[in-house]
Amino acid sequence: MGTEANKGIRNLSMWNLFFRALFFAGVTLFTLALFVGCAETQTYIVQPGDSLPDIAVKHELALSDLIRANQDRYPSLAADPENPPVGIELLIPNEGGTGIDKWFARLAAAASAPVTPAPDVPAAPNEKINAVVQLIQRGINQERALNKLPVLAFDPRLADIAQARSNDMIRRAYFSHDDPERGSVAFQDLIRSKQFQFSYAGENIAEIKNQGTLVPSALTVYSRYGATEIADQFVTGWVNSQEHRDNILNPHFAKTGIALGVSIDGTRIVATQIFSD
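Owing to the predicted nature of the structure, the values given are computational and were not obtained by experimental measurement.

1. Focus on unusual backbone geometry
For step 1, the next point in the chain: Although it is not a glycine, K148 sits at a positive phi angle of roughly 60 degrees.
For step 2, the next point in the chain: You can see K148 is positioned in the loop between α5 (127-146) and β3 (153-154).
For step 3, the next point in the chain: Classification of K148 by relative accessible area gives exposed; the value is 76%.
For step 4, the next point in the chain: The phi dihedral of A173 falls on the positive side, at around 50 degrees, and the residue is not glycine.
For step 5, the next point in the chain: With respect to the secondary-structure elements, A173 resides in the loop between α6 (156-171) and α7 (186-193).

Spelled out as structure tokens, the structure:
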């Protein structure tokens, strides 16, 4: 009798613990649901001296996402992202979900064993990559302005093509304007496949990489250099190369898209800039 009674008490305690766990899990999920559901749309009032690249970096956004979120209200932003009208109210996309996304990312990282990924996998765009892209566009447009040429307007379709090009060169471990399998000009294939209308188009590519196979993570080109240093290397290299400079200063070009491909181990960075009229 005593034995059976003790078993019953233990079983009852287990059920109590089970229901308590369910209760706290439900409270946690309900709290998270409230956190996500109640997130308000964030806005930002443009101040004197602001530029869209600076605002995007401040809010950990890609410049393309910031322009897309506001292009219906302010279509001129894509044409001149460096000089948004002072006083306009910008929508900041996905600001409410950023915190919960980061929370889940940290939770997943804490629950997952570390892995060593293959280097020929492109890293996902992040704050640093986005900052490099925006600094490259700023540097290229400054070079055009110095030569009395209008700045290049950001075009999200060209940025998507540039991203596909950079990622492809990382994945397939090559560096060329030509597709290594088909032999055709890769960016032209992509532009036509997207049915992008153009009369003039061009492409600049560049890469920075570590030489050697065993590179400590702290010494990889991606970890070792800041966003400004990486962007300066690409801009300086293109400006000082005649054929790349010809694209930068081509008067027929009016639009551009820029993207970075970074190997997930940080040892290789590929930059692509697509131009069109």
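2. Observations concerning the environment of G202
For step 1, the next point in the chain: In this fold, G202 is placed in strand β4 (residues 201-209).
For step 2, the next point in the chain: Note: C-alpha distance between G202 and N247 (45 residues apart in sequence) is 6.6 Å.
For step 3, the next point in the chain: Leaving out residues up to four positions away in the same chain, G202 has contacts with F187, N247, F253, Q273, I274 and F275.

3. Observations concerning the nonpolar core
For step 1, the next point in the chain: Residues I136, F234, L260 and I269 are the most contacted members of the largest nonpolar core, which totals 28 residues.
For step 2, the next point in the chain: Among the secondary structure elements, those contributing two or more residues to this core are α5, β4, α8 (221-224), α9 (227-239), β5 (255-262) and β6 (268-276).
For step 3, the next point in the chain: By residue number, the principal contributor to this core is α9, which donates 7 residues.
For step 4, the next point in the chain: Those residues within four positions of I269 in sequence are excluded, and the remaining contacts are A206, E207, I208, V221, Y222, I230, F234, L260, G261 and V262.
For step 5, the next point in the chain: Core analysis: the next-biggest nonpolar cluster, separate from the first, contains 17 residues, L52, L66, I67 and F154 among them.

4. Thoughts on α5
For step 1, the next point in the chain: Along its 20 residues, α5 runs 29 Å from first to last C-alpha, staying within 8% of the 28 Å computed at 1.5 Å per residue.
For step 2, the next point in the chain: At the N-terminal end of α5, a side-chain oxygen is found 3.1 Å from the backbone nitrogen of K128, two or three residues along, and the residue is N126.
For step 3, the next point in the chain: Phi for K148, located one or two positions after α5, is positive at around 60 degrees.

5. Describing the pairing of β5
For step 1, the next point in the chain: Among the 8 residues of β5, 7 are classified as buried, and the element is accordingly described as predominantly covered.
For step 2, the next point in the chain: Pairing of β5 with β6 involves 8 bridges; the strand directions are antiparallel. Within β6, the residue paired with V262 across the bridge is I269.
For step 3, the next point in the chain: In textbook terms, the turn of a hairpin is the stretch between consecutive antiparallel strands, and for β5 and β6 this stretch comprises 5 residues, one of which, G266, has a positive phi near 80 degrees.

6. With respect to the pattern of salt bridges
For step 1, the next point in the chain: Summed over all chains, the structure comprises 11 salt bridges.
For step 2, the next point in the chain: Measuring nitrogen to oxygen at the nearest pair gives 2.7 Å for the salt bridge that ties R172 to D179.
For step 3, the next point in the chain: A relative accessible area of 4% means that D179 is categorised as buried.
For step 4, the next point in the chain: Ionic pairing is found between R172 and E181, a salt bridge with its closest N-O pair at 3.6 Å.
For step 5, the next point in the chain: On the basis of relative accessible area, R172 is assigned to the partly exposed category, the value being 31%.
For step 6, the next point in the chain: Judged by its relative accessible area of 68%, E181 falls in the exposed class.
For step 7, the next point in the chain: Connected via shared salt-bridge partners are D168, R172, D179, E181, R182 and D189.

The rules behind the values
Residues numbered from 1 in each chain as written. Predicted model: local features only at pLDDT ≥ 70, side-chain atom pairs only at ≥ 80, totals over all residues. Heavy atoms only, no water. Helix = DSSP H or I, 4+ residues; strand = E, 2+ residues; numbered from the N terminus. Buried < 20%, exposed > 50% of the residue type's maximum accessible area, 1.4 Å probe, protein only. Contact = heavy atoms within 4.5 Å. Core = buried A, V, L, I, M, F, W, Y, C linked by side-chain atoms within 4.5 Å. Expected span 1.5 Å × (residues − 1). Polar contact = N/O pair within 3.5 Å; in protein donor to acceptor, adjacent residues only side chain to side chain. Pairing = 2+ DSSP bridges. Salt bridge = Lys/Arg side-chain N within 4 Å of Asp/Glu carboxyl O.

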